[in-house]
Amino acid sequence: MRIAMRRQDVIAALVGPKGEEEMRLTRISSAELRKDPALLNDALKAQGFFPGRRVAFVEDATDTVAKTIGAALDEWQDGDANLIVTAGQLTPRSALRKLFEQHNNSYAAAVYADPPGREEIENSLASAGIKNIGSDAMSELLELGRILEPGDFRQTIEKLALYKLNDDDPVTPEDVIICAPISVEAALDDALDIVAEGRFPEIGPILSRLESQGVAPVRLCIGATLHFRRLYTAACDPRGPEAGIYGVPFTRKDRLARQAKTWGAARLETALQILTDTDLQLRSSKPTPDMALVERAMIRLAMMNRR
């Protein structure tokens, strides 16, 4: 996604917003180019019906097309279309990478999977027309930049620009939260943290939110079982809960370790039994209010942690 976004920016800068509509953009996949090497040179030399720059774009290129692209670069002349090539991770020995790094008529740009920094976010805000943003709102955006996919984060900025259109008041954290996408997985993690930390008054609202997003009761039960099984494994680890937590994002590791330490292995074993019984009831042929069963189990678990 990060590569696609950078590529979109470069192509838009070359051909403008109507480039594809005016047929000044030619897309070629790596597979197509392997089958027919002449496609690239034809795209570079072709003359369009509309004035303006043209772009030939090769997507997901690999070393198998390096010679074809190299020949096209050597034959390139003024007036030909600009050539844009994207690829996945390339080692220093990659023929395609060496081609673009060493050729005297090309540029190579590395795109890293780092979250956007303050300067990048400020540039995105400025491009969207957002100039008046408070420090707390910026902190909220920096946090969103770390947890959201690049495309989702760009959409959040666009929604924020629309939300604050003709509004000169500073952007607040509440404005950012309103425009941020609701992640089902993040909401599910929040629900399980609420249960594991004994915050039972918050269970009803978070379950209602998940239900409104289409999360099935069985999925909630399975998610809770996996969560408490992870805690149980960590609590039983002779090296301590911190060593037993693995396979989760770094930002959640300490929180889960605290939960495992607070519960202890004995109570976690009881919690897993409750969840197993609930899962069996959900899967039985008897007509039952499924979400009510799950909510009751969650409340029982939360109350156990308060004893």
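Please refer to the structure higher up on the page.
Values in this document were obtained by computation on a predicted structure and should not be read as measured data. (Residues numbered from 1 in each chain as written. Predicted model: local features only at pLDDT ≥ 70, side-chain atom pairs only at ≥ 80, totals over all residues. Heavy atoms only, no water.)

Q: It is not clear to me how the nonpolar core should be interpreted in this structure. Could you clarify?
A: A general tendency of soluble globular proteins is for nonpolar side chains to be buried together. Core analysis: the largest hydrophobic core is formed by 37 residues, its most contacted members being Leu210, Leu220, Phe228, Trp263, Met298 and Leu301. Mapped onto this core, the elements with two or more residues apiece are α10 (184–196), α11 (203–212), α12 (217–236), α14 (250–283) and α15 (290–304). In terms of residue count, α14 provides more of this core than any other element does, ten residues in total. Setting aside residues up to four positions removed in sequence, Phe228 forms contacts with Val195, Ala196, Trp263, Leu268, Ala271, Leu272, Leu275 and Leu301. Formed by 19 residues, the second largest nonpolar core is a distinct cluster that contains Leu44, Ala56, Val58 and Leu83. (Core = buried A, V, L, I, M, F, W, Y, C linked by side-chain atoms within 4.5 Å. Buried < 20%, exposed > 50% of the residue type's maximum accessible area, 1.4 Å probe, protein only. Helix = DSSP H or I, 4+ residues; strand = E, 2+ residues; numbered from the N terminus. Contact = heavy atoms within 4.5 Å.)

Q: What should I look at first to understand the pairing of strand β3 (residues 82–87) in this one?
A: When a strand is regular, its side chains alternate between the sheet's two faces. As paired strands, strand β2 (residues 55–61) and β3 are joined by five bridges and run parallel to one another. From the neighbouring strand, Phe57 faces β3, where its bridge partner is Ile84. Read as a crossover between parallel neighbours, the route from β2 over helix α4 (residues 66–75) to β3 is right-handed. (Pairing = 2+ DSSP bridges. Right-handed = clockwise from strand over helix to strand, strands pointing away.)

Q: How do you make sense of the packing of aromatic side chains when you look at a structure like this?
A: By the definition in use, this model includes one aromatic pair. Centre to centre, the rings of Phe228 and Trp263 are 5.2 Å apart; their planes meet at 85 degrees, and the pair counts as edge-to-face. Taken together, the residues Phe228 in helix α12 and Trp263 in helix α14 connect sequence positions 35 residues apart. Each member of the pair, Phe228 together with Trp263, is buried. (Phe/Tyr/Trp six-rings, centres within 6.5 Å; stacked < 30°, edge-to-face > 60°.)

Q: Honestly, the pattern of salt bridges in this entry has me stumped. Any pointers?
A: Opposite charge on two side chains permits pairing when their charged atoms draw close. Evaluated as defined, the whole model comprises 15 salt bridges. One salt bridge connects Asp80 with Lys45, and the closest N-O pair in it is separated by 2.6 Å. With Asp80 in the loop between α4 and β3 and Lys45 in helix α3 (residues 38–45), this residue pair connects regions lying 35 residues apart in the sequence. Here Asp80 falls in the buried class, since its relative accessible area comes to 13%. Ionic pairing is found between Asp279 and Arg283, a salt bridge with its closest N-O pair at 2.9 Å. You can see Asp279 and its partner Arg283 sitting in helix α14, four residues apart, about one turn around the helix. (Salt bridge = Lys/Arg side-chain N within 4 Å of Asp/Glu carboxyl O.)

Q: How do you make sense of the packing of α11 against α15 when you look at a structure like this?
A: Pairs of packed helices are described in terms of their axes, by the angle between the two and the distance that separates them. Orientation of α11 relative to α15, taken along the N-to-C sense of each, is 145 degrees, at an axis distance of 11 Å. Relative to α15, α11 is oriented so that their crossing is right-handed. For the pair α11 and α15, the contacting residues are Ile203, Gly204, Leu207 and Glu211 in the first and Met291, Glu295, Met298, Ile299 and Ala302 in the second. Within the contact of α11 with α15, the residues separate by chemical class into six nonpolar, one polar and two charged. (Axes fitted to C-alpha atoms, helices over the stretch in contact; angles between N-to-C directions. Left-handed = near helix turned anticlockwise from the far one by under 90°. Nonpolar A, V, L, I, M, F, W, Y, C, P; charged D, E, K, R; others polar.)

Q: What should I look at first to understand a nonpolar patch on the surface in this one?
A: On the surface, a nonpolar cluster with roughly 400 Å² of combined accessible area is contributed by Met23, Phe49 and Phe50. The topology assignment puts Phe49 in the loop between α3 and β2. Its relative accessible area of 79% is what places Phe49 among the exposed residues. (Patch = residues over 30% accessible without salt bridge, like charges linked within 9 Å, V, L, I, M, F, W, Y side chains within 5 Å. Areas by Shrake-Rupley, 256 points an atom, 1.4 Å probe, with all protein chains shown as cover.)

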